[in-house]
Structure formats: structure tokens, C-alpha cells
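Here is what each chain is made of, one letter per residue.
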Amino acid sequence: MRTHNVAVIGGDGIGPDVTAAALAAMRAAADRFGFTLSTSDVDLGAARYHRTGVALDDSTVEQLRGHDAILLGAIGDPSVAPGILERGVVLALRVALAQSVNVRPVRLYPGVQSPVRGITPQRCDMVILRENTEGLYAGGGALVHQGSDNAVALQQSVTTTGATRSIVDVAFRLAAARRGRLALCHKSNVLTYAGRLWGEVVEEVGARYPDVERDYVHVDAMCQHLPLSPERFDVVVTDNLFGDIISDLGATVQGGLGLAASANLNPTGSAPSMFEPVHGSAPDIAGKGWANPVAAVLSAALCLASLGEREAALACEAAAANVVAELPALSGAAMGASTAEVGERIAARVATADAATIGDPATSLMSAMAAITPAAA
């Protein structure tokens, strides 16, 4: 029997609750499709930081490195100054484990109402790939003469051919496994040097994928096209900052952050990839049972797909989509059920869920992820 060893970081706020729901769905899928899920809890987050004064140490990184994948709930707490945990845990893990490709699905599921008038599931099914380790988020810069009228802030952006080629290659492989369309999103008319490098890499890698249609869109134009004409896009590849912005816009179009899943991929398989809902720790509702666990379950589905468990991933996605369509609201007390109760419904539905009820399984991101994962090689 196949065994997958998954490290679990419940983290802060609503993280442990939504992660419990995600794990319940994964275990139900394991029972249905004949594999074993072995999990190890890893203590990271605000409580550990207060206890030790350390956000992340080398021994924990090595502990995580010994797993097949990482499931992350949420990191961040008001008791810790902003940036210490976010940069010290999440961003640090992305760099340490070479998770250079951030995957953000933007899919409107049947029965979910988009806040954008006229958007239907048939019009909204794309994936945004965000470079995860470079750009303005690389952290280079300085602030001099702070507190004076002569203060100067310098923030450096880093773009390398190697990292760009890595994510562009993943983007083309995903596009080839889906609908054969790829769009580069940048701002090449202003950021001429970085934009030129991205464009040249897309041309270079694209030569190996003659059947994939290529498009280009400026990031400001993307902010108009995405909510009004999401059907224009299938696979979008972009840099770190632009990806951060447009993927959150995409989350709004698909119904909100409560439905927004993500993957941080190590594209070579040299270290585990990490899967997390986008909504964060939401400390204002922690402990109330108001968090929608669907984003965490969909992130777990991406995890299963990356492990080569295509059918299990599709079943988790379908179960989550079917249950969320039945909720009277997408978050808060108005959901009509607690986080745990929604999680129980999803896990029960995994046993019989049919991926075809929410669309063609062949074009699901779950199928494409399973097709390109190192586990499938």
C-alpha cells in the first residue's frame, strides 16, 4: 500500500481548526482510494515563538525536509509584531525548501455566487502561478536618515533567469495538461529590464511547447480583464508582487478568501512542497467555529494531486465544492454550521463524491497537477 508522510503545521488562529477538516478529508480519500496517510505534527507559530524566541530553526527545517509534503493551517498572531512570523516561518520555509512556484487556483464552483455580476463557473476556471522567492519580496534594500525629511527608502527587486525559467516551465507543462493557453502578466513597458527577461524566458521555454497558445497582459490591464473576462485566461504566470495582487483579486471573483487554496511547489521534488489556505489566521474569529474550511480542504486536494493521487484529489475537490454550494453563506455564523461540522460533511461526502458533478475532471487543476508532479515521473 502506498504511504505518504505529511508534516502538519496547524499554526495560529483558525489554522488548527481548518487543518483538522482538511486532514479528515484526506483520510477519507485515503480509505476510499487505497493509500495510507502518515502525519506528524510540527510546532510552529506564535506559541512556539513566545516560548523559545525563535520563529524557525535549522533542526525544524530538517525535520520538515524528511516528509513528502507539508500541510499548513495559518501563521500570524497579533501578539507578535507583524512580519516576524510571516517572514520568519512562511517565507523562510519557501526559500529553505526551494518552493519557488506558488499555485493559486481561481475557480468558481457550481452553486457559488461570485460577487461579480454575470460570472458563471463556465467562465471562471484558471490558475495563477506566482514566482515565490524573488522580485521585490527578496528583501534587499535600506532605509537611511529614518525619521527625518531626508529619509530615503530603497527596495530592490531581484529577477534571475534560473528562477524565472523554473516557474515558466511549470506553467507551460500545466497549460499543456489543461487547455493549452498561457498568459504572461508583467509590466514590461515600465519595468523594462525585468519584463524583458521574463519575456525572453517565455519565448525560450515556449519553443518546446508549440501547441500552447501564448498571451501577454500588463498587470494593470489584468486587474480589469480578470473580473470582467476571466474566461480569457487559463494558466497565468507572473512575478512575486504581481502574483500576490492578482491572485487575491481572483479569490474575490471566485467567491472570497474562504475558497482560496494555494500550493508552494518545489518543482524538482528535492524537498517537500507546502499547501495552505490563503485566508490567514483570522484571529478575530479564532475559536468561534466561523471559519470556512473549504480553502484548507482544496489545498489538501492540491497536496494529494502533487503526491500523484489524482482520483483522491478530485474526490476531495468535488466533495468540498458540493458542500460549499449547499451552505447559506460562505463564512461566519451565517454558514449555518461550525467549522468542524462543515469539515465532517465534506469528509463524509469524499466517500462517494463524483468529480464530474463540478465539471470535466480532465481539465481540473487537480488532474494537471497530478500529471506534472515529480511523483508521476
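As the structure is a prediction and not an experimental result, all values here were calculated from the model.

Definitions and limits used
Residues numbered from 1 in each chain as written. Predicted model: local features only at pLDDT ≥ 70, side-chain atom pairs only at ≥ 80, totals over all residues. Heavy atoms only, no water. Helix = DSSP H or I, 4+ residues; strand = E, 2+ residues; numbered from the N terminus. Rg over C-alpha atoms; globule rule 2.2 N^0.38 Å. Buried < 20%, exposed > 50% of the residue type's maximum accessible area, 1.4 Å probe, protein only. Contact = heavy atoms within 4.5 Å. Phe/Tyr/Trp six-rings, centres within 6.5 Å; stacked < 30°, edge-to-face > 60°. 1 Å grid on protein atoms, 1.4 Å probe; cavity = no way out; pocket = protein on both sides within 12 Å on 5 of 7 lines; lining within 4 Å. Points joined across faces, edges and corners; volume = space filled by probe spheres on them. Nonpolar A, V, L, I, M, F, W, Y, C, P; charged D, E, K, R; others polar. Domains from an automatic or database assignment. Expected span 1.5 Å × (residues − 1). Polar contact = N/O pair within 3.5 Å; in protein donor to acceptor, adjacent residues only side chain to side chain. Salt bridge = Lys/Arg side-chain N within 4 Å of Asp/Glu carboxyl O. UniProt positions renumbered as here; feature names shortened; annotations may be inferred. Core = buried A, V, L, I, M, F, W, Y, C linked by side-chain atoms within 4.5 Å. Pairing = 2+ DSSP bridges. Axes fitted to C-alpha atoms, helices over the stretch in contact; angles between N-to-C directions.

A few points about the overall build of the chain
Logical step 1: Helix and strand counts for the chain come out as 12 helices and 12 strands.
Logical step 2: In terms of C-alpha radius of gyration, the chain reaches 20 Å, essentially the compact-globule figure of 21 Å for 377 residues.
Logical step 3: Once the C-alpha set of the chain is aligned to its principal axes, its extents read approximately 55 × 55 × 45 Å.
Logical step 4: Counting the 377 residues in the chain, one finds 52% classified as buried.
Logical step 5: Here the analysis covers contacts within the chain between residues at least 6 apart in sequence; of these, 77% occur between residues at least 24 apart.

Let's talk about the environment of L302
Logical step 1: Mapping L302 onto the fold places it in helix α9 (residues 294-306).
Logical step 2: Here L302 falls in the buried class, since its relative accessible area comes to 0%.
Logical step 3: Each C-alpha atom of the pair L302 and A355 lies 14 Å from the other, and the pair is 53 residues apart in sequence.
Logical step 4: Every residue in contact with L302, bar those within four places of it in the chain, is listed here: P105, A261, S262, A263, F275, L365, M366 and M369.

Considerations on the packing of aromatic side chains
Logical step 1: A full pass over the atoms with the stated rule returns 1 aromatic pair.
Logical step 2: Both rings, one in F172 and one in Y209, keep their centres 5.4 Å apart while their planes meet at 15°; by these two values the pair is stacked. Of this pair, F172 sits in helix α5 (residues 161-177) while Y209 sits in the loop between α6 (192-206) and β9 (213-218), and the two are 37 residues apart along the sequence.
Logical step 3: Assessed through its relative accessible area of 0%, F172 is described here as buried.

Observations regarding the layout of surface pockets
To find the voids left in a structure, one rolls a probe of water-molecule size over its atoms.
Logical step 1: If you add up the space inside the largest pocket, you get close to 500 Å³.
Logical step 2: Secondary structure elements with two or more residues in the lining of the largest pocket: β3 (69-74), α4 (84-96), β4 (101-107) and α8 (240-253).
Logical step 3: No other element matches α4, which puts 4 residues into the lining of the largest pocket.
Logical step 4: For the lining of the largest pocket, the residue count by class is 8 nonpolar, 5 polar and 7 charged.
Logical step 5: Counting contributing residues, the lining of the largest pocket receives three or more from each of domain 1 (1-108 + 255-376) and domain 2 (114-254).

A few points about helix α10 (residues 310-326)
Logical step 1: Over its 17 residues, α10 extends 25 Å from the first C-alpha to the last, a length consistent with the 24 Å expected when each residue adds 1.5 Å.
Logical step 2: Burial analysis of α10 places 12 of its 17 residues in the buried class, the great majority of the element.
Logical step 3: All of the buried residues along α10 are A312, A313, L314, A315, C316, E317, A318, A319, A320, A321, V323 and V324.
Logical step 4: In this fold, the buried residues of α10 make contact with α1 (15-33), β2 (35-41), β4, α9, α11 (339-350) and α12 (365-372).

Details of the side chain of D234
Logical step 1: The topology assignment puts D234 in the loop between α7 (219-228) and β10 (235-238).
Logical step 2: From its side chain, D234 meets the backbone nitrogen of R179 in a polar contact 3.1 Å long.
Logical step 3: With residues up to four places along the chain from it excluded, the contact list for D234 reads D125, M126, V127, R178, R179, G180 and R181.

Overview of the pattern of salt bridges
Side chains that differ in sign of charge can pair as their charged atoms come close.
Logical step 1: What the rule picks out here adds up to 21 salt bridges.
Logical step 2: One salt bridge in this structure joins E309 and R2, with 2.6 Å as the shortest N-O distance. Of this pair, E309 sits in the loop between α9 and α10 while R2 is found in strand β1 (residues 2-11), placing the two residues 307 residues apart along the sequence.
Logical step 3: If you follow the salt bridges from partner to partner, you end up with D125, R178, R179 and D234 in one network.

Notes on the UniProt feature "domain: Isopropylmalate dehydrogenase-like" (unreviewed entry) in the chain
Logical step 1: UniProt tags residues 5-346 as "domain: Isopropylmalate dehydrogenase-like" (unreviewed entry).
Logical step 2: Between the end C-alpha atoms of residues 5-346 the distance is 22 Å, and the span holds 41% helix and 19% strand.

Let's talk about the nonpolar core
Logical step 1: Residues L129, V168, V237 and I346 are the most contacted members of the largest nonpolar core, which totals 100 residues.
Logical step 2: The greatest single-element share of this core, amounting to 11 residues, is contributed by α10.
Logical step 3: Here this core spans two domains, since at least three of its residues come from each of domain 1 (1-108 + 255-376) and domain 2 (114-254).
Logical step 4: Core analysis: the second largest hydrophobic core is formed by 20 residues, A46, V61, L64 and M274 among them.

A closer look at the sheet that holds β1
Logical step 1: The 10 strands are arranged β2-β1-β3-β12-β11-β4-β5-β10-β8-β9 in an open sheet whose pairing can be described as mixed. What marks the edges here is a single partner per strand, and that holds for β2 and β9. Sheet twist, expressed as the mean angle between neighbouring strand axes with direction ignored, is 25°.
Logical step 2: Strand direction decides the pairing type here: strand β8 (residues 181-186) and β10, joined by 4 bridges, are parallel. Counterpart to L184 in the pairing with β10 is V237.
Logical step 3: The strands touched by α4 within the sheet are β1, β3, β4, β5 (125-131), β11 (263-265) and β12 (273-275), with β12 carrying the most contacts at an inclination of about 145°.
Logical step 4: Each of β5, β8, β9 and β10 touches α7; the most contacted strand, β9, lies at about 105° to it.

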